[in-house]
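One-letter residues, chain by chain:
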Amino acid sequence: YFLTSLKKHVSTPDEDDFAFSADKMVTAGLPNSVVFHYDATAAVSDSVYIVQTWDMRRKTLVPKDQHAHSAIYYYPGFFRTKLLADHKIMKTHDLLVGTEGWLSLVEQDRMPIYFKNEELDKGDHIEIDRGTLEKYNLPLHPTPPMVRFFHMNDMGSLMNDNFEFETEVKNDFDEGSAACQFVQVLIQCKDDIIIIPLSAKACVGDLQVYACGKGLSSKDTDLSAFGCNLREWNKLKVETKNKQMTIYVNDQEACSFTFPNNPAGIVGVQYRFNGPGAVKGTKF
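The sections below set out a description of the structure shown in this document. These figures come from a predicted structure and were not determined experimentally.

Examining the state of the cysteines
- For the structure shown, the criterion picks out 1 disulfide.
- Each disulfide pairs two cysteine sulfurs, and for C180 the partner residue is C203, the sulfurs being separated by 2.1 Å. Around the S-S axis, the bridge from C180 to C203 shows a dihedral of about -75° and counts as left-handed. In this pair, C180 is assigned in the loop between β12 (162-170) and β13 (183-189) and C203 in the loop between β14 (192-198) and β15 (208-211), connecting sequence segments 23 residues apart.
- Cysteine C212 remains unbridged, with the sulfur of C189 as its closest cysteine sulfur at 4.8 Å.
- Take C212: its relative accessible area is 0%, and that puts it in the buried class.
- Free of any disulfide, C228 has its nearest neighbouring cysteine sulfur in C203, separated by 11 Å.
- You can call C228 buried: its relative accessible area is 5%.

Looking at unusual backbone geometry
- Here L30 and P31 are connected by a cis peptide whose omega angle stands at -5°.
- Relative to the elements of secondary structure, P31 occurs in the loop between β1 (19-24) and β2 (32-39).
- Look at the link from H141 to P142: it is a cis peptide, with omega at 5°.
- Turning to its location among the elements, P142 is positioned in the loop between α3 (130-135) and β11 (146-152).
- Look at H87: it is not a glycine, yet its phi comes out positive at around 65°.
- Mapped onto the secondary structure, H87 falls in the loop between β6 (77-85) and β7 (88-97).
- The backbone of N250 sits at a positive phi, close to 50°, despite the residue not being glycine.
- By the secondary structure assignment, N250 is in the loop between β18 (244-249) and β19 (252-258).

Description of the packing of aromatic side chains
- Using the criterion set out here, one finds 7 aromatic pairs in the structure.
- A centroid spacing of 4.8 Å and a plane angle of 45° characterise the contact between F165 and F284, whose relative ring orientation is tilted. Of this pair, F165 sits in strand β12 while F284 sits in the segment after β21 (277-283); the two residues are 119 residues apart in sequence, bridging distant segments of the chain.
- On the basis of relative accessibility, which here comes to 0%, the residue F165 falls in the buried class.
- In this structure F284 comes out as partly exposed when scored by relative accessible area, which is 35%.
- Each residue in the set F163, F165 and F284 is aromatic and connected to the rest through ring pairs, giving one cluster.
- Here K59 stacks its cationic end above the ring of Y49, 4.6 Å away from the centre of that ring.

Concerning the sheet that holds β21
- The strand order β10-β21-β12-β17-β18-β19 describes an open sheet built from 6 strands, whose pairing is antiparallel. Every other strand in the sheet has two partners, leaving β10 (126-128) and β19 as the edge strands with one partner each. Averaged over all adjacent pairs, the angle separating strand axes in this sheet is 15°, with direction ignored.
- Pairing of strand β17 (residues 234-241) with β18, which is carried by 6 bridges, proceeds in the antiparallel orientation. Across the sheet, residue E239 finds its bridge partner in β18, namely T246.

Things to note about the pattern of salt bridges
- Applying the stated criterion across every chain yields a total of 11 salt bridges.
- For D129, the salt bridge is made with K122, and the minimal N-O distance between the two is 3.9 Å.
- Beyond isolated ion pairs, a larger network of salt bridges with shared partners links R80, D94 and D191.

Definitions and cut-offs
- Residues numbered from 1 in each chain as written.
- Predicted model: local features only at pLDDT ≥ 70, side-chain atom pairs only at ≥ 80, totals over all residues.
- Heavy atoms only, no water.
- Disulfide = S-S within 2.5 Å.
- Helix = DSSP H or I, 4+ residues; strand = E, 2+ residues; numbered from the N terminus.
- Buried < 20%, exposed > 50% of the residue type's maximum accessible area, 1.4 Å probe, protein only.
- Phe/Tyr/Trp six-rings, centres within 6.5 Å; stacked < 30°, edge-to-face > 60°.
- Lys NZ or Arg CZ within 6 Å of the ring centre and 35° of its normal.
- Pairing = 2+ DSSP bridges.
- Axes fitted to C-alpha atoms, helices over the stretch in contact; angles between N-to-C directions.
- Salt bridge = Lys/Arg side-chain N within 4 Å of Asp/Glu carboxyl O.

If you want it as structure tokens, here you go:
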């Protein structure tokens, strides 16, 4: 009886008892530091965490009687950051870590290698070629470096349920472990993603398409139209009307489907190459 009465008098805090915000150190560009300001003094326990990305497993324990926590972001993206207290999400804050125009880098475990704008700007296209990688002592064998291109910022009212997108890509490196010339084009959305693969024709048996909750695998779907001669420029086009998405490769329909997730704003695009890669003609 006494234990039950005690439980009834233990107050449970709600979201209004907490505060959470984030301030970027620079408006755009990478790396970028963010200072999170929070008030979690109402928490019952000491289990107060800040989640900096979409991955709930990547959370940082913070003192509930403090009010600031700093973090550094090495990659651009849209992050729905969260304040967790007593095993519950109390507050969220949308954070866009954008780029100043195009950004190119080589992905590494801790801190990426960033390229200068003049190294990737080729006039009518952007490219990280073999010579640039050699300049940074990045060997192509036995495993080529993971080259990434980003263009990410606030794109206003552009939504992923009704949009058109065009781009051209080229990857002329097909040596050793890069024989399949795998390329991924990612349309980055607010708390969602669209991932479109390309490869050499011989390697279409190991491809996956993902778009806002809809996944297609070459294990049970014909994705052969995503195979192409990547030593030449290849045109990729995406048309979406009321969540019905059709993807074209070199003006040939590669697949069409309706995605299930709720509409979300588009914030940019990312390209992934294994080794050298080139991009041009990108537009929404």
